[in-house]
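As a plain string of letters, each chain reads:
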Amino acid sequence: MSERLFRFAVIADSHVNPSDEDLISPYESHRLTNARLAHTVEVLNALAPDFTVHVGDMIHPVPEAVSYPDAVARFKAAVGRLKAPLHLVPGNHDVGDKRADYVPAGEICEPYVELYQRHFGEHFYAFDRGDCHFVVINTSLINSGLDAEARQARWLEQDLQAHAGRRTLLFVHYPPFIARADEHGHYDNIDEPGRSWLLSLVARHRLAAVFTGHVHNFFFNEHAGTPIFSLPSTAFVRGDYSELFAVGQPSEHENGRNDVSKLGVLVVDVYPDRLVPQFIRTQDRPEGAAPQVQRDWPQLPPAAAGREPGLGLDLRYHWGELHQIPYSSMLDEFRRKQARNDYPILALWEMGIRALRVPLDDLADPASRARMRALAALGSRFTVFLFGWPTDEQIELLRQHQGLLRALELIVKWPLAPDLGGRLGALRARVGVPLHLSRFWSASGQSRDGKQIKLLVDHGFAGPADPAAEALLQATRGQGFDGLVFRVAADTDVDEGITGAAAFAARHGLRAQVHVRLASDSPAQARTDAQANGVRALGAAFTSRGCPQADVFLDTLSDVDRGYFPRAGLVDRRFNPKREGQALRNLHGALSELPAMDTPRWVRDPQFLVGAARMERSQLLLVLPLGGAALMQLPDWLDTQDLRVRRWLDLASGEERPWPASDPDTAKVLDGPCLIELATSRVAERALA
């Protein structure tokens, strides 16, 4: 990958109060907005961007409030501690609401524009960095009819034309839209006709990206090939969008407003051929406690196109569903608005997961296909699956969109057709993507005398010993397809399941696609031990990194607390990362910076599961506690002679811990998963030189 040119950060909606004591909002957590901006400044300084853009609502008092100047002073004092330049975008709290009959505060007017300019500077402008052109506009002006609207429109059209051919990025406060470009106007978007005018410029000039604020939540959209990132706040979450989550809110969340796991900043690394966005959750900084800020892993996001982690995810829930947000007597009282829960996408990006498994129905649905195309532009690839034989229309659909796909997974029912091999070869040639075969399985025909009745269906070969796999190979002579699909049941060790499937497939010149279950084999049996499922996920991730000939998919992203097969996932029902998801993120992040490794060897004892893999000049250990805190001694698992500890990474926090004298024989008490890199003394000395 080419060298990074520079880095910038984007923050949104800090809503600074005029004092640290006054409560100008009915929410208790609003007292913390100033402290949260101070914390954000510390985070930004640690991330070291070349500059930061604030996309509006710097302060909470609106222009007609007498406390406006005091809040501005507080804001400037806080951001004055930034080590890099800050560029500002006017938000509706800074310059007035957009012109609409239904808005709850004072609309933009010439005096408010003058007030903004007096305190913050220009309200539309541009600047350059490297080969990139950065444009800031005042979206409250759009549709206002003010003279300033016409001046801004002329300037923007001329500026974009003058910089045609440059990578141009646009920063606004109001999003053009939240769910669809043709949605009706509401509090959180730009109304017509201004919306179509702005989107036509985005399309005509093929902007590299658009960044917005205002919604205090994460939304990801695309228009004419341009990604649109709507960012969470540094201060609080908008409670109306809590309706996106099918779960209640704990009391400390203040009905969703104080869900601190959704606060954060966006950093964007700029390369000659790509932009790599990475959202860093800042959480909160409780008084007297250390903040739980996510670690910066520049090579982790899918858009980085670095070394692939190897672990994919099965997107069982409808990840593109539009929700109807109720009218609330707060900001939108007269019409419902639509929104999509994009936090699953954010969670996947955070964990560096690029390989996604979805039904062919998603590719056939125009809205879902558009989402797939937008994610593919940022590094994701899809394995689509189908039960039965595809129709001519489906084959043509696959052929047209093969650039989005890793493979077509075909689930085949026994008995096998005698001409299956020839038909598979013809199908693969038509769709133009690798073809992976899976076995359909059901409980039909099994004796139920004296047994529980389980009306189950499943798919995938049970392992190398499954006679159906040999039957398929004999029937087809191993021709016409590229991979076999295996399932690793809940009672099967993931390392044995993955490596066994990969070895069997490789002997026949095929890839292995391996589905690792976190769910039980019984629909009524809950697997809610988050630590046990976390160990299973981390073991699958580490093994898959050492088995590049296998495509490994987990069956679970979020907690399943209803329906069939209840189980613990990597994120909760609000799609906030759990400890296990954070550990997977940090494992993938660390692996993204390390060279290739061989297939891990695993050691099990009553307290730990340990995976050991060799790299070019060092040895890597993944240590997974199986219970509570326990004493860890590396000589119990490997010969430590002439080895030194180069790195000890706590996976739950992402922090690198000190190891006394780098001596691997030193015992450690371990209460969470960790990654240890060991090197010979000579290699370690050369690395330190």
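Please read these numbers as outputs of a predicted model, since none were measured by experiment.

**Q** Could you clarify how one ought to interpret the pattern of salt bridges in this entry?
**A** A side chain with one charge can pair with a side chain of the opposite charge if their charged atoms come near. Applying the stated criterion across every chain yields a total of 44 salt bridges. Here Asp 458 ties to Arg 517 by a salt bridge, and the two come within 3.9 Å at their closest N and O atoms. With a gap of 59 residues between them, Asp 458 in strand E19 (residues 457-459) and Arg 517 in the loop between strand E21 (511-516) and helix H14 (530-545) connect regions that are remote in the sequence.

**Q** What should I look at first to understand the nonpolar core in this one?
**A** Within soluble globular proteins, side chains that are nonpolar generally end up buried alongside one another. Ranked by internal contacts, the top residues of the largest apolar core, which has 131 residues, are Phe 8, Phe 171, Phe 211 and Phe 542. Those residues within four positions of Phe 171 in sequence are excluded, and the remaining contacts are Phe 8, Val 10, Val 53, Val 55, Val 89, Phe 134, Val 135, Val 136, Ile 137 and Phe 211. By size, the runner-up hydrophobic cluster in this structure holds 30 residues, among which are Ala 9, Ile 11, Ala 71 and Val 265.

**Q** Whenever I open this one, the confidence of the model for the protein confuses me. Can you help?
**A** Summing up the model confidence of the protein, the mean pLDDT is 91 and the portion of residues at 70 or higher is 95%. The low-confidence segment residues 683-689 (pLDDT under 50) makes 7 contacts with residues lying over four places distant or belonging to another chain.

**Q** Would you take a moment to explain the packing of helix H2 (residues 68-79) against helix H4 (residues 110-120) for this structure?
**A** Helix-helix packing is described using two parameters, namely the angle between the two axes and the distance between the axes. Orientation of H2 relative to H4, taken along the N-to-C sense of each, is 35°, at an axis distance of 11 Å. Once H2 is placed against H4, the crossing between them reads as right-handed. Across the interface between the two elements, Tyr 68, Pro 69, Val 72, Phe 75 and Lys 76 from H2 touch Leu 115, Tyr 116, His 119 and Phe 120 from H4. For the contact of H2 with H4, the class distribution of residues is 7 nonpolar, 1 polar and 1 charged.

**Q** For this particular structure, what's the right way to read the environment of Leu 410?
**A** The residue Leu 410 is located in strand E17 (residues 405-412) in this model. For Leu 410, a relative accessible area of 1% translates into the label buried. Once you skip the residues sitting within four places of it in the chain, Leu 410 turns out to touch Leu 386, Gly 388, Trp 389, Pro 390, Leu 424, Leu 427, Leu 435, His 436, Leu 437 and Ser 438.

**Q** What exactly am I supposed to notice about the sheet that holds strand E10 (residues 264-271) here?
**A** Note on sheets: strands pair through backbone hydrogen bonds, and any given pair is parallel or antiparallel. With respect to topology, 5 strands assemble into an open sheet ordered E3-E2-E1-E10-E11, the strand pairing being mixed. Whereas interior strands pair on both sides, the edge strands pair on one side only; in this sheet they are strand E3 (86-88) and strand E11 (274-281). Ignoring which end each strand starts from, the neighbouring axes of this sheet average 25° apart. The pairing of strand E1 (residues 6-11) with E10 spans 5 bridges and is antiparallel. Residue pairing across strands places Phe 8 opposite Val 268, the latter belonging to E10.

**Q** I tried to follow helix H6 (residues 194-204) on my own but got confused; where do I start?
**A** Along an α-helix, residues three or four apart share an orientation, since each turn contains 3.6 residues. Of the positions making up H6, those classed as buried are Gly 194, Arg 195, Leu 198, Leu 199, Leu 201 and Val 202. Viewed end-on, H6 has its buried residues packed into an arc of 155°, placing them on one side of the element. In the core, the buried residues of H6 are packed alongside helix H5 (147-162), strand E6 (167-171), strand E7 (209-212), strand E8 (219-223) and strand E9 (226-230). Following H6 by one or two positions, Arg 206 has its phi on the positive side, about 50°.

**Q** Looking at this structure, how should I read the sheet that holds strand E4 (residues 125-129)?
**A** Across the sheet, which stays open at both edges, the 6 strands sit in the order E4-E5-E6-E7-E9-E8 with mixed pairing between neighbours. The sheet is open, and its two edges are formed by E4 and E8, each paired on a single side. The sheet shows a mean angle of 20° between the axes of neighbouring strands, taken without regard to direction.

**Q** Is there a simple way to think about unusual backbone geometry in this case?
**A** Of all residues except glycine, most have a negative phi; of all peptide bonds, most are trans. Note that the residue after Glu 192, namely Pro 193, is joined by a cis bond; omega there is 5°. In this fold, Pro 193 is placed in the loop between E6 and H6. Put simply, Trp 414 and Pro 415 share a cis peptide bond, and its omega is 5°. Counting through the fold element by element, Pro 415 comes out in the loop between E17 and helix H11 (420-431).

**Q** Looking at this structure, I do not really get the pairing of E1. What am I missing?
**A** Along any regular strand the residues' side chains alternate between the sheet's two faces. With 6 of 6 residues buried, E1 is to be regarded as a mostly interior element. Residues of E1 alternate between two faces, with Phe 6, Phe 8 and Val 10 on one and Arg 7, Ala 9 and Ile 11 on the opposite face, all of them buried.

**Q** Got a minute to help me understand the environment of Asp 555 in this structure?
**A** Mapped onto the elements of the fold, Asp 555 is located in the loop between strand E22 (550-554) and helix H15 (579-592). With a relative accessible area of 7%, Asp 555 lands in the buried category. In this structure, the C-alpha to C-alpha distance between Asp 555 and Thr 40, residues 515 residues apart in sequence, is 35 Å. Beyond its immediate sequence surroundings of up to four residues, Asp 555 is in contact with Asp 314, Arg 316, Val 516, Arg 517, Leu 518, Ala 519 and Arg 567. From its side chain, Asp 555 meets the backbone nitrogen of Leu 518 in a polar contact 2.9 Å long.

**Q** Explain the side chain of Thr 640 here, please?
**A** Note on placement: Thr 640 falls in the loop between strand E26 (630-632) and strand E27 (643-650). Sequence-distant contacts of Thr 640, defined by excluding residues within four places in its chain, comprise Leu 634, Pro 635, Pro 664 and Asp 665.

**Q** In this structure, what is going on with the packing of H5 against H6? I would like to understand it.
**A** Contact geometry of H5 with H6 gives a least axis separation of 11 Å together with a crossing angle of 15°. Judged by the angle between their axes, H5 and H6 are roughly parallel. Note that H5 runs across H6; the crossing there is left-handed. In this structure, H5 uses Ala 153, Leu 156, Glu 157 and Leu 160 to contact H6, whose residues at the interface are Trp 197, Leu 198 and Leu 201.

Calculation criteria
- Residues numbered from 1 in each chain as written.
- Predicted model: local features only at pLDDT ≥ 70, side-chain atom pairs only at ≥ 80, totals over all residues.
- Heavy atoms only, no water.
- Salt bridge = Lys/Arg side-chain N within 4 Å of Asp/Glu carboxyl O.
- Helix = DSSP H or I, 4+ residues; strand = E, 2+ residues; numbered from the N terminus.
- Core = buried A, V, L, I, M, F, W, Y, C linked by side-chain atoms within 4.5 Å.
- Buried < 20%, exposed > 50% of the residue type's maximum accessible area, 1.4 Å probe, protein only.
- Contact = heavy atoms within 4.5 Å.
- pLDDT = per-residue confidence, 0-100.
- Axes fitted to C-alpha atoms, helices over the stretch in contact; angles between N-to-C directions.
- Left-handed = near helix turned anticlockwise from the far one by under 90°.
- Nonpolar A, V, L, I, M, F, W, Y, C, P; charged D, E, K, R; others polar.
- Pairing = 2+ DSSP bridges.
- Arc of directions from axis to C-beta.
- Polar contact = N/O pair within 3.5 Å; in protein donor to acceptor, adjacent residues only side chain to side chain.
- Parallel < 35°, antiparallel > 145°, perpendicular 65-115°, else oblique.

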